[in-house]
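# Coordinate analysis (summary)
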Amino acid sequence: MKNIAALALISSIALVSCKKETAKITKVDPKTGKTVTIEVPADSVAKVAENPAIKDSAGVIKQTFKLEKGKTYPLTTYQRDVKTMTDPQGKSITATSESTDEMNFVVNDIKGNVYDMTLNLVAKRNSQSAQGKTVVVDTKLPIPKEDDLKMIWNVNKALTGNKLAMKMDTKGNVISITGFDAVYAKVGTAVGTLIKDANQKASVVASLKESFNEKVLKDQFHKNLMIIPKKGVKIGEKWSTSENADPSGNVKVTSNYVMKSLGNGTAEIAVTGGIPKKTEKKAQGPITHSLSSELVQNGTIKFDESTGWITNQNINVKTTQVETISDGKQSQSMKSVSNSSVMVNPSAK
């Protein structure tokens, strides 16, 4: 009995003497929405640079970039769409599509506040599944046997394995991206193996130039890399952005952001918003045609506190569209629901 008591005493002394140090983290309480400071074990807190890229200065959080020469920074984008269409009789068809664009950035040199980088276009993958059948176009796999997929694979294969030269400053402004002409020439050569007509070949390359150019990539990188406003934000602060959802500009997607937390090596931002439900009606005689649509998004974006680089984005987007035709006595509706996952660096989620 005395031995047991002695062991108990020793254990309690050990617990007191081995009490772990703690560190404080500031975040938004999900239940109350208020900013709180909590204590966590010090050894659970990620090591952060003494002067991090994303830091709190007098209560205001600002984002910059502190990348290292010779280091590689990933930017893989992934999207998965599951679309279900239901006809007036209630019969449904579901189709799934996935797309992955793998790229990374290597810092070659740092001159003043400008990074000299190489943008590596690593790989592309697309897949579609419907009614028990799946087709895949993957640049890491051999060319598909189906004739209608060979063109897509050839273009994607010609796109990957290329390098673009990029300059970006420490504030995240992309100054320039060059090297596109060599990529266009490579794609043109690849397309030429399948298309002999010069006009058709030129059309494919022209289409590529519209979707893959300096402006498009600059816009993409700005959206992915620079989320925190330049003026800075406080923990719990909200801000919004909007962009056109159609060429006319009549429909806009709104993204609402909240600075959720900063600490333990991560800056986390919550995302909500979308397109409010909108219904359009057109009548022709006794027939009324209506179309309602809505888009809802929610998720999180995480950045590395030390470097400012994006570590992960995981946003869920639900789009609902209902088309109805009515003669005043009866109506028929077609419904389409799409659930999408839009990710950046999905392996880090």
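First, a word on what this report is: a plain description of the structure on this page. What you see is a predicted model, and the numbers here were worked out from it, not measured in a lab. (Residues numbered from 1 in each chain as written. Predicted model: local features only at pLDDT ≥ 70, side-chain atom pairs only at ≥ 80, totals over all residues. Heavy atoms only, no water.)

### Examining the overall build of the protein chain
This is how the line gets drawn: Strands here mean DSSP runs of E at least two residues long; helices mean DSSP runs of H or I at least four residues long; both are numbered from the N terminus. For each residue, the accessible area found with a 1.4 Å probe, counting protein chains only, is set against the maximum for its type, and the residue is called buried under 20%, exposed over 50%, and partly exposed in between. Values of accessible area rely on a 1.4 Å probe in the Shrake-Rupley scheme; residue burial ignores everything except the protein chains shown.
Counting secondary structure elements, the protein chain contains five helices and 17 strands. Relative to its 349 residues, the protein chain shows a buried fraction of 33%. Approximately 20800 Å² of the protein chain is accessible, and the part contributed by carbon and sulfur atoms is 53%.

### Some details on the pattern of salt bridges
This is how the line gets drawn: Any carboxyl oxygen of Asp or Glu within 4 Å of a side-chain nitrogen of Lys or Arg constitutes a salt bridge here.
Following the criterion strictly, the structure yields 14 salt bridges and no others. For the salt bridge of Lys-71 with Glu-68, the shortest nitrogen-to-oxygen distance reads 3.3 Å. Overall, Lys-71 belongs to the partly exposed group, its relative accessible area being 38%.

### Considering helix H3 (residues 180-192)
The cut-off we apply is this: By this rule the span expected of a helix is its residue count minus one, scaled by 1.5 Å. Only heavy atoms enter the contact rule, under which two residues are in contact if any of them lie within 4.5 Å.
Over its 13 residues, H3 extends 18 Å from the first C-alpha to the last, a length consistent with the 18 Å expected when each residue adds 1.5 Å. Buried positions along H3 lie against helix H2 (147-159), strand S10 (162-169), strand S11 (174-178), helix H4 (198-211) and helix H5 (214-225).

### Remarks on the packing of H2 against H3
In plain terms, the rule: Axis definition: a line fitted to C-alpha atoms, over the contacting stretch in the case of helices. Angles run 0 to 180 degrees between N-to-C directions. Just so you know how the angles are binned, under 35 degrees is roughly parallel, over 145 roughly antiparallel, 65 to 115 roughly perpendicular, and the rest oblique. Crossings are assigned a handedness: left-handed for a near helix turned anticlockwise from the far helix by less than a right angle, right-handed for a clockwise turn.
The geometry of H2 relative to H3 is characterised by a closest axis approach of 8 Å and an angle of 150° between their N-to-C directions. With respect to each other, H2 and H3 are oriented roughly antiparallel. Judged by the twist between their axes, the crossing of H2 over H3 is right-handed. The residues of H3 that touch H2, namely those facing Met-151, Asn-154, Val-155, Lys-157, Ala-158 and Leu-159, are Val-183, Lys-186, Val-187, Ala-190 and Val-191.

### Structural notes on the environment of Val-271
Within the fold, Val-271 resides in strand S14 (residues 266-284). Given the relative accessible area of 2%, Val-271 is considered buried. Along the chain, Val-271 and Ser-240 lie 31 residues apart, while their C-alpha atoms are 9.4 Å from each other. Residues contacting Val-271, with those up to four places away along its chain left out, are Asn-256, Tyr-257, Gln-297, Asn-298, Gly-299, Ile-301 and Ile-315.

### Observations concerning the packing of H3 against H4
For clarity, the cut-off: Under this grouping Gly is polar, as are all residues other than the nonpolar Ala, Val, Leu, Ile, Met, Phe, Trp, Tyr, Cys and Pro and the charged Asp, Glu, Lys and Arg.
For the pair H3 and H4, interaxial distance at closest approach is 10 Å and the crossing angle is 145°. At the point where H3 passes H4, the crossing takes the right-handed sense. Two secondary-structure elements touch here, H3 through Tyr-184, Val-187, Gly-188, Val-191 and Gly-192 and H4 through Lys-201, Val-204, Val-205, Leu-208 and Lys-209. Residue composition of the contact of H3 with H4, grouped by class: six nonpolar, two polar and two charged.

### Considering the environment of Met-259
Looking at the secondary structure, you find Met-259 in strand S13 (residues 252-263). Its relative accessible area of 0% is what places Met-259 among the buried residues. A sequence separation of 26 residues divides Met-259 from Val-233, and the C-alpha atoms of the two residues are 7.1 Å apart.

### Focus: the pairing of strand S8 (residues 114-130)
The line we're drawing: Paired strands are those between which DSSP finds at least two bridges.
Bridging between strand S7 (residues 92-111) and S8 involves 16 bridges; their strand directions are antiparallel. By the bridge assignment for S8, Phe-105 is matched with Leu-119. In sequence, S7 turns back onto S8 through a hairpin of two residues, with Gly-112 there showing a positive phi of about 65°. In this structure, S8 lies alongside S10, joined through eight bridges in antiparallel fashion. Directly across from Tyr-115, in S10, lies its bridge partner Met-168. Of the pairings in the sheet, the one linking S8 to strand S9 (residues 133-138) comprises six bridges and is antiparallel in character. Within S9, the position partnered with Ser-129 by the bridge is Thr-134.

The quantities given are spatial measurements derived from coordinates; they are silent on function.
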